[in-house]
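Here are the chains, one letter per residue:
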Amino acid sequence: RGLAGEAGADLILRPAAGLMLSAGPRIQYGNARFSGTYFGVSAAEAAANAAAGGTLGAYDARGGILGAGVEIGMRYAISDVWGLEAAANWTRLQNSAANSPVTAAGSRDQYTVRVGLTRRFTLGF
């Protein structure tokens, strides 16, 4: 039941008919409940982890800015109703997300790529 969101702004270019390119910065936010769920380690979780031979200590994750980065994307209209969409994103973990023992074994740099096929539907009322 936590709250998370992303804000960003894009520069948009339309170099050819049916093609849109976009790029811009992104900021990810999560409140304390969200941050605690994904990046926090309770005392009970830390004890269970230690009993299993792990090294995770208790950690109280705070809410706030959790990541900042850049996204580049494209959309291409194959026809009037079909389209192709793709994007690549780089995010650098910040604050509680970066300092969490949950993410310590990995990298502060996070990468995602997505590709999708879109279909437009029209409801005639």
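Read on for a plain summary of the structure.

### Focus on the overall build of the protein chain
When its secondary structure is counted, the protein chain shows 3 helices and 6 strands. Mapped in sequence order, the helices and strands of the protein chain form the string β-β-β-α-α-β-β-α-β. The C-alpha radius of gyration of the protein chain comes to 20 Å, more than 25% above the 14 Å expected for a compact globule of 125 residues. C-alpha atoms of the protein chain, sized along the principal axes, occupy 60 × 35 × 25 Å. Within the protein chain, contacts between residues separated by at least 24 positions form 59% of all contacts whose residues are at least 6 apart in sequence. With the model as given, the accessible surface of the protein chain reaches about 8,500 Å², and the carbon-plus-sulfur share is 59%. Between the averaged position of the 11 positive side-chain charges in the protein chain and that of its 8 negative side-chain charges there is a distance of 3 Å.

### A look at the pattern of salt bridges
Evaluation of the coordinates by the stated rule reveals 7 salt bridges. Between R26 and E71 there is a salt bridge, and its shortest N-O distance comes to 3.5 Å. In this pair, R26 is assigned in strand 3 (residues 19-30) and E71 in strand 4 (residues 64-77), connecting sequence segments 45 residues apart. The buried category is assigned to E71, whose relative accessible area is 12%. Sharing partners across several salt bridges, the network here consists of E6, D10, R26, E71 and R114.

### Quick notes on the environment of G63
Mapping G63 onto the fold places it in the loop between helix 2 (43-51) and strand 4. Classification of G63 as partly exposed rests on a relative accessible area of 41%. The sequence separation of G63 and N49 amounts to 14 residues, and the corresponding C-alpha distance is 24 Å.

### Let's talk about unusual backbone geometry
Here the phi dihedral of N95 falls at roughly 50 degrees; this positive angle occurs in a residue that is not glycine. Mapped onto the elements of the fold, N95 is located in helix 3 (residues 95-99). N95 sits in the partly exposed class, given a relative accessible area of 43%.

### A short note on the side chain of T91
Relative to the helices and strands, T91 resides in strand 5 (residues 82-93). The class of T91 is buried, set by a relative accessible area of 11%. Engagement of the side chain of T91 in a polar contact is seen with the side chain of N89, the distance being 2.8 Å. In contact with T91, not counting residues within four places along its chain, are Q28, G67, A68, G69, R108, D109 and Q110.

### A closer look at the nonpolar core
F39, A61, L66, L93, A97 and A98 together form the largest nonpolar core, which totals 6 residues. Those residues within four positions of L93 in sequence are excluded, and the remaining contacts are L66, G67, A98, T103, S107, R108 and Q110.

### Regarding a nonpolar patch on the surface
Residues Y76, I78, V81, W82, L84, V113, V115 and L117 make up a contiguous nonpolar surface patch of about 790 Å² in total accessible area. Those elements that provide at least two residues to the nonpolar patch are strand 5 and strand 6 (109-119). Among the elements that take part in the nonpolar patch, strand 6 stands out by supplying 3 residues, more than any other. Note that L117 resides in strand 6. Taking relative accessible area as the criterion, L117 reaches 59% and is therefore assigned exposed.

Reading the values: rules and limits
Residues numbered from 1 in each chain as written. Predicted model: local features only at pLDDT ≥ 70, side-chain atom pairs only at ≥ 80, totals over all residues. Heavy atoms only, no water. Helix = DSSP H or I, 4+ residues; strand = E, 2+ residues; numbered from the N terminus. Rg over C-alpha atoms; globule rule 2.2 N^0.38 Å. Contact = heavy atoms within 4.5 Å. Areas by Shrake-Rupley, 256 points an atom, 1.4 Å probe, with all protein chains shown as cover. Lys, Arg positive; Asp, Glu negative; His and termini not counted. Charge placed at Lys NZ, Arg CZ, Asp CG, Glu CD. Salt bridge = Lys/Arg side-chain N within 4 Å of Asp/Glu carboxyl O. Buried < 20%, exposed > 50% of the residue type's maximum accessible area, 1.4 Å probe, protein only. Polar contact = N/O pair within 3.5 Å; in protein donor to acceptor, adjacent residues only side chain to side chain. Core = buried A, V, L, I, M, F, W, Y, C linked by side-chain atoms within 4.5 Å. Patch = residues over 30% accessible without salt bridge, like charges linked within 9 Å, V, L, I, M, F, W, Y side chains within 5 Å.

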